[in-house]
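Breakdown of the fold
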Amino acid sequence: MNALIYNGIPGQKLVTKIPIPEIIEETDVIVKLSSTTICGSDLHIIKGDLSEMNNSNNTRVLGHEGIGYIQKIGNLIENFEIGDKVLISCITSCGKCIYCLKNLQSHCINGGWKLGHTINGTQAQYVRIPHANHSLYNIEGFNGIIEDESLLMLSDILPTGYEIGTINGHIKNNDIVAIIGAGSIGISTLICLKTFYNPKSIILIDYNESRLKFAQDEFDTDIITINLGKITNIKDEIFKITSNINNLDSKRINLNQGVDVAIECVGVPESFNTCQEIIAPGGRIANIGVHGVKIDLQLQKLWDKNIEISTGLVNTYSILDLLNKIDGNFLNPLKLITHHFKFDEILKAYEIFENSEREKCIKVFIEFDND
Ligand SMILES: [Zn+2]
Ligand SMILES: [Zn+2]
């Protein structure tokens, strides 16, 4: 079968032929993919940011998102039958260990982030899914009702925005919420925020004008956008905006204005620093971004602010909630998909996704041929 692999050498990825995976454990299933996509984490791996994967003796099929049809099942599979259409969670969970029982599936002792990381992933014609009873979702009943493009967003980015952004951020009614980063995770967070909560204002912060405009045009015309390239100081700008929203005198900066929740969706020091600068007393900083370098925590400024900081890798326990919201027309992630490709064009899809700002790309949909 054809697969997109990282060969352990930073900067290198290639399409190659490898054997179709087989059932290894009785809790495995083999899924024949019908669609997959590329995530920012795949780009981190290829850049060499995940040192454990930089081993040229250990090539890996990338990808942890996908939809497909069950082709083979192990003897201990209870929930699925051959031919079922399934959504693949980016997180593998056994459903039984201490972390799974705490809804911390990303730390599952027998699973966690395995696909496209410690085992072969979904950017191939077939994938082996371990612990399939708890790591797949049957979407047979949504066939022809919800577009596959929307369903695919449930593998990773929608639960990520919802669980690690808004749930961890403890959003309350009338909060002023800032989202730092208007890429796929930032926009996923935005649509979950609008679906599940009633914030007073949403402020979307990015350098890229076209992304800010895209979010405003396609998802929420009421959001306030800040282009970091067009202002001199983000703290002053936020304090001005929040003073205005809260009807306070903006000249009295000792009023400690700021946002109630700052959701970090980028993963670089500057964006986390922005969160530290703009958070109001009692606020919550929810970090989603994948960080590769050390960041200074400004505890000398924050210690008396009564804030919370949360971090996390998605657990995907919210997939069914999100699916029901899509099914009930309360949430529509379809417009996150800006580009379509066939699987044999996956290198082209990577090129577009790697240059997502230039290409005005949020998320790609990669379709497999039905042969
Ligand atoms: Zn991902
Ligand atoms: Zn577990």
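My aim in this report is to walk through the structure given alongside it, one point at a time. In this text, all values refer to a predicted model and were calculated from it rather than measured experimentally.

1. Description of the overall build of the protein chain
Tallying secondary structure elements over the protein chain gives 13 helices and 16 strands in all. Computed over C-alpha atoms, the radius of gyration of the protein chain comes to 21 Å, within 12% of the 21 Å expected from 2.2 N^0.38 for 371 residues, which places it in the range of a compact globule. Structurally, the protein chain occupies a C-alpha span of about 65 × 40 × 40 Å along its principal axes. For the protein chain, the proportion of its 371 residues judged to be buried stands at 55%.

2. With respect to the nonpolar core
Within the largest apolar cluster, 83 residues are counted, with the highest numbers of intra-cluster contacts made by V31, I129, L136, L154 and L158. The leading source of residues in this core is helix 6 (residues 184-196), at six residues. Each of domain 1 (2-156 + 315-367) and domain 2 (159-310) accounts for three or more of the residues forming this core. The contacts of L158, once residues within four sequence positions are left out, are M153, S188, I191, C192, L322, I326, L331 and P333. If you look at the next biggest cluster of nonpolar residues, it comprises 20 residues, including A178, I180, I226 and F239.

3. Remarks on the pattern of salt bridges
Side chains that carry opposite charge are capable of pairing whenever their charged atoms lie near each other. With the rule as written, the count across this model stands at 16 salt bridges. Two residues, K213 and D217, come together in a salt bridge whose shortest N-O distance is 2.8 Å. Residue K213 and its partner D217 are both found in helix 7 (residues 209-218); the two are separated by four residues, about one turn of the helix. You can call D217 partly exposed: its relative accessible area is 47%. Ionic pairing is found between R358 and E359, a salt bridge with its closest N-O pair at 2.9 Å. Judged by relative accessible area, R358 falls into the exposed class, the value being 56%.

4. Here we look at the environment of C275
Tracing the chain through its elements places C275 in helix 9 (residues 269-278). Sequence separation of C275 and G161 is 114 residues, and the distance between their C-alpha atoms is 16 Å. Setting aside its immediate chain neighbours within four residues, C275 contacts I180, A262, E264 and I285.

5. Details of the sheet that holds strand 12 (residues 259-264)
Strand order in the open sheet made by the six strands is 11-10-9-12-13-14, with parallel pairing throughout. With partners counted over all chains shown, the strands left at the sheet margins are strand 11 (224-227) and strand 14 (308-310), one partner each. Direction aside, the axes of adjacent strands within the sheet are offset by 15 degrees on average. Taken together, the three bridges between strand 13 (residues 279-287) and strand 14 define a ladder with parallel strand orientation. Residue pairing for strand 14: I285 is matched across the bridge by I309. On the sheet, helix 8 (residues 234-245) packs against strand 9 (176-180), strand 10 (201-206), strand 11 and strand 12 and is oriented at approximately 165 degrees with respect to strand 11. On the sheet, helix 9 packs against strand 9, strand 10, strand 12, strand 13 and strand 14 and is oriented at approximately 160 degrees with respect to strand 13.

6. Let's talk about the environment of A182
Mapped onto the secondary structure, A182 falls in the loop between strand 9 and helix 6. Looking at A182, the relative accessible area reads 0%, which means it is buried. C-alpha of A182 to C-alpha of N208: the two residues are 26 residues apart in sequence and 8.0 Å apart in space. Here A182 is in contact with I187, L204, I205, D206, R211, L212 and I362, once residues within four sequence places are set aside.

7. Some thoughts on the packing of aromatic side chains
With the rule as written, the count across this model stands at three aromatic pairs. Considering the side-chain rings of F343 and F368, the 4.5 Å spacing of their centres and the 20 degrees angle between planes classify their relative orientation as stacked. Taken together, the positions of F343 in the loop between strand 15 (337-342) and helix 12 (346-354) and F368 in the segment after strand 16 (363-367) put the pair 25 residues apart, joining distant regions of the chain. Between the NZ or CZ atom of K325 and the centre of the ring of F330, over which it lies, the distance is 5.3 Å.

8. Description of the coordination of the zinc ion (ligand 2)
Binding of the zinc ion (ligand 2) to the protein goes through C94 (SG), C97 (SG), C100 (SG) and C108 (SG), at separations of 2.3 to 2.4 Å. Between the four donor atoms coordinating the zinc ion (ligand 2), the angles at the centre fall across 101 to 117 degrees, so the site counts as tetrahedral. Site description for the zinc ion (ligand 2): donor spacing in sequence, C-x2-C-x2-C-x7-C. Taking relative accessible area as the criterion, C100 reaches 7% and is therefore assigned buried.

The rules behind each value
- Residues numbered from 1 in each chain as written.
- Chains lettered and ligands numbered in written order.
- Predicted model: local features only at pLDDT ≥ 70, side-chain atom pairs only at ≥ 80, totals over all residues.
- Heavy atoms only, no water.
- Helix = DSSP H or I, 4+ residues; strand = E, 2+ residues; numbered from the N terminus.
- Rg over C-alpha atoms; globule rule 2.2 N^0.38 Å.
- Buried < 20%, exposed > 50% of the residue type's maximum accessible area, 1.4 Å probe, protein only.
- Core = buried A, V, L, I, M, F, W, Y, C linked by side-chain atoms within 4.5 Å.
- Domains from an automatic or database assignment.
- Contact = heavy atoms within 4.5 Å.
- Salt bridge = Lys/Arg side-chain N within 4 Å of Asp/Glu carboxyl O.
- Pairing = 2+ DSSP bridges.
- Axes fitted to C-alpha atoms, helices over the stretch in contact; angles between N-to-C directions.
- Phe/Tyr/Trp six-rings, centres within 6.5 Å; stacked < 30°, edge-to-face > 60°.
- Lys NZ or Arg CZ within 6 Å of the ring centre and 35° of its normal.
- Donors = N, O, S within 2.8 Å, 3.2 Å for Na, K, Ca; no water.
- Tetrahedral: all angles 85-135°; square planar, octahedral: opposite > 155°, others 65-115°.

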